[in-house]
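The chain contents come next:
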Amino acid sequence: PARIRVHHLQAAKQRGERLTMLTAYDAVTARLFDDAGIDMLLVGDSIGNTMHGHTTTLPVTLDELVVAARAVAGAVRRAFVVADLPFGSYEAGPEQALASAVRMMKETGVAAVKLEGGQRSLAQIRALTAAGIPVVAHLGYTPQSENLLGGPRVQGRGDQGQRLCDDAVAVVDAGAVAVVLEMVPAEVAARITEVVPVPTIGIGAGPECDGQVLVWVDMAGMGDWSPRFAKRFGEVGAALTAAARAYADEVRSGAFPEAAHSFDA
Ligand code: KIV
Ligand code: NA
């Protein structure tokens, strides 16, 4: 399968083909999702919540995301891999953002980086784009600002809708190659999708976005809780528990290992 490159994203939008994106944090899942034909993989800072046992994305470091991004980028053949820039790695300005993004590109092989914020992140998006690094913007609910936003709350309701739309236009003018919209009213996301030329990728942003993204553990039903905007497309957590139980049962009974799993002298 041919590798998806940056120009294919806009071409997909023009053809009206919906883009599919999932998070991935390691080579095992990256390979599985790439084989399933998922178009884009996000090495998200949601790794903090899903894999590292934090309650927010704030503690996640660039070092941690570099390791995960290298594993994901190295495992895929087709998917367009995007890595998050974590909290604290780009807010200080374009120079800090460039240093972080250059490191990510040099050490991992991802195709693009993602950062949060509209107006406040324009200088960073311009600097990365000027350096030849594709940037995916992230607007609406931005988890790295959860303390200021008061937790996961819908953004862009009422009068704020126009501001969000202005932000989307601004990040695209600054060079963003795609825009993630998180927890945005469906009508607002639809309007943004109409006015910007690059793909919008929604999560809790309704059906009119050019693509959808989900955190893979939510998509696969790994835990007992998932946010309202997620849908469980499998019960992989229950399947894993069942496999672990079956293994333990056979070890305890002596049914495993058999001769076929053992070596002669
Ligand atoms: O880190 C992440 O998983 C994300 C998605 C929710 C878009 O940024
Ligand atoms: Na993220």
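What counts and what doesn't
- Residues numbered from 1 in each chain as written.
- Chains lettered and ligands numbered in written order.
- Predicted model: local features only at pLDDT ≥ 70, side-chain atom pairs only at ≥ 80, totals over all residues.
- Domains from an automatic or database assignment.
- Near = placed C-beta within 6 Å.
- Nonpolar A, V, L, I, M, F, W, Y, C, P; charged D, E, K, R; others polar.
- Helix = DSSP H or I, 4+ residues; strand = E, 2+ residues; numbered from the N terminus.
- UniProt positions renumbered as here; feature names shortened; annotations may be inferred.
- Contact = placed C-beta atoms within 7 Å.
- Core = buried A, V, L, I, M, F, W, Y, C linked by C-beta atoms within 7 Å.
- Buried ≥ 20, exposed ≤ 12 C-beta atoms within 10 Å, placed from the backbone.
- Axes fitted to C-alpha atoms, helices over the stretch in contact; angles between N-to-C directions.
- Parallel < 35°, antiparallel > 145°, perpendicular 65-115°, else oblique.
- Left-handed = near helix turned anticlockwise from the far one by under 90°.
- Pairing = 2+ DSSP bridges.
- Expected span 1.5 Å × (residues − 1).

### Looking at the domain arrangement of the protein chain
Moving on, step 1. For the protein chain, the domain assignment lists domain 1 (6-234) and domain 2 (235-265).
Moving on, step 2. When each unit is reduced to the centre of its C-alpha atoms, the spacing between domain 1 and domain 2 is 38 Å.

### Here's the deal with the site of ligand 1
Moving on, step 1. Residues in close proximity to ligand 1 include Thr 23, Leu 42, Gly 44, Asp 45, Ser 46, Asp 84, His 138, Val 180, Glu 182, Ile 203, Val 213 and Val 215, which together make up its full environment.
Moving on, step 2. Along the lines of polarity and charge, the residues of the shell around ligand 1 split into 5 nonpolar, 4 polar and 3 charged.

### Things to note about unusual backbone geometry
Moving on, step 1. Along the chain, Phe 256 connects to Pro 257 via a cis peptide bond; the corresponding omega equals 0°.
Moving on, step 2. Of note, Pro 257 is situated in the segment after helix H11 (236-253).
Moving on, step 3. The phi torsion at Met 183 lies on the positive side, around 50°, for a residue other than glycine.
Moving on, step 4. Mapped onto the fold, Met 183 is located in the loop between strand S6 (178-182) and helix H9 (186-195).

### Topic: the UniProt feature "active site" (unreviewed entry) in the protein chain
Moving on, step 1. With numbering aligned to this structure, UniProt lists the feature "active site" (unreviewed entry) at Glu 182.
Moving on, step 2. Inspection of the secondary structure puts Glu 182 in strand S6.
Moving on, step 3. Glu 182 has contacts with His 138, Gly 140, Tyr 141, Ile 203, Gly 204 and Ala 205, leaving out every residue within four places of it along the chain.

### Here's the deal with the nonpolar core
Moving on, step 1. Counting 80 residues, the largest nonpolar core has Leu 41, Val 81, Ala 176 and Val 179 as the members making the most contacts within it.
Moving on, step 2. Here this core gets 8 residues from one element, more than from any other, and that element is helix H4 (residues 62-75).
Moving on, step 3. Look past the residues within four positions of Ala 176 in its chain and what remains in contact with it is Ile 125, Val 135, Val 136, Ala 137, Val 171 and Val 198.

### Some words on the UniProt feature "binding site: Mg(2+)" (unreviewed entry) in the protein chain
Moving on, step 1. In the numbering used here, UniProt assigns the feature "binding site: Mg(2+)" (unreviewed entry) to Asp 45, Asp 84 and Glu 116. These residues run over 72 residues, yet every pair of their C-alpha atoms falls within 11.1 Å of each other.
Moving on, step 2. Tracing the chain through its elements places Asp 45 in the loop between strand S2 (40-43) and helix H3 (47-50).
Moving on, step 3. Once residues lying within four places of it in the same chain are set aside, the contact partners of Asp 45 are Thr 57, Val 60, Leu 65, Asp 84 and Pro 86.
Moving on, step 4. Mapped onto the elements, Asp 84 comes out in strand S3 (residues 80-84).
Moving on, step 5. With 30 C-beta atoms counted inside 10 Å, the residue Asp 84 sits in the buried group.

### Describing the packing of helix H8 (residues 160-173) against H9
Moving on, step 1. Contact geometry for H8 and H9: axes closest at 10 Å, N-to-C directions at 30°. Overall, the two elements H8 and H9 adopt an arrangement that is roughly parallel. Remark: the crossing between H8 and H9 carries right-handed chirality. For the pair H8 and H9, the contacting residues are Gly 161, Leu 164, Cys 165, Ala 168 and Val 169 in the first and Val 188, Arg 191, Ile 192 and Val 195 in the second.
Moving on, step 2. Residue composition of the contact of H8 with H9, by class: 7 nonpolar, 1 polar and 1 charged.

### A few points about the sheet that holds strand S4 (residues 112-116)
Moving on, step 1. Pairing is parallel around the closed barrel formed by 8 strands, whose spatial order is S1-S2-S3-S4-S5-S6-S7-S8. Direction aside, the axes of adjacent strands within the sheet are offset by 25° on average.
Moving on, step 2. Pairing of S4 with strand S5 (residues 135-140), which is carried by 4 bridges, proceeds in the parallel orientation. By the bridge assignment, Val 113 is partnered in S5 with Val 135.
Moving on, step 3. Against the sheet, H8 engages S5 and S6, with an angle of about 175° to S5.

### A look at H4
Moving on, step 1. For H4, which comprises 14 residues, the first-to-last C-alpha distance of 20 Å matches the rise-based estimate of 20 Å (1.5 Å per residue) to within 8%.
Moving on, step 2. On its buried face, H4 is in contact with helix H2 (27-35), S2, H3, S3 and helix H5 (94-108).

### Here's the deal with the packing of H4 against H5
Moving on, step 1. Following both chains from N to C, one finds H4 and H5 inclined at 35°, their axes separated by 9 Å at the closest point. Of the two elements, H4 crosses H5, and the hand of that crossing is right-handed. Contact residues: Leu 62, Val 66, Ala 69, Arg 70 and Ala 73 in H4; Ser 100, Arg 103, Met 104, Glu 107 and Thr 108 in H5.
Moving on, step 2. Looking at side-chain class alone, the contact of H4 with H5 contains 5 nonpolar, 2 polar and 3 charged residues.

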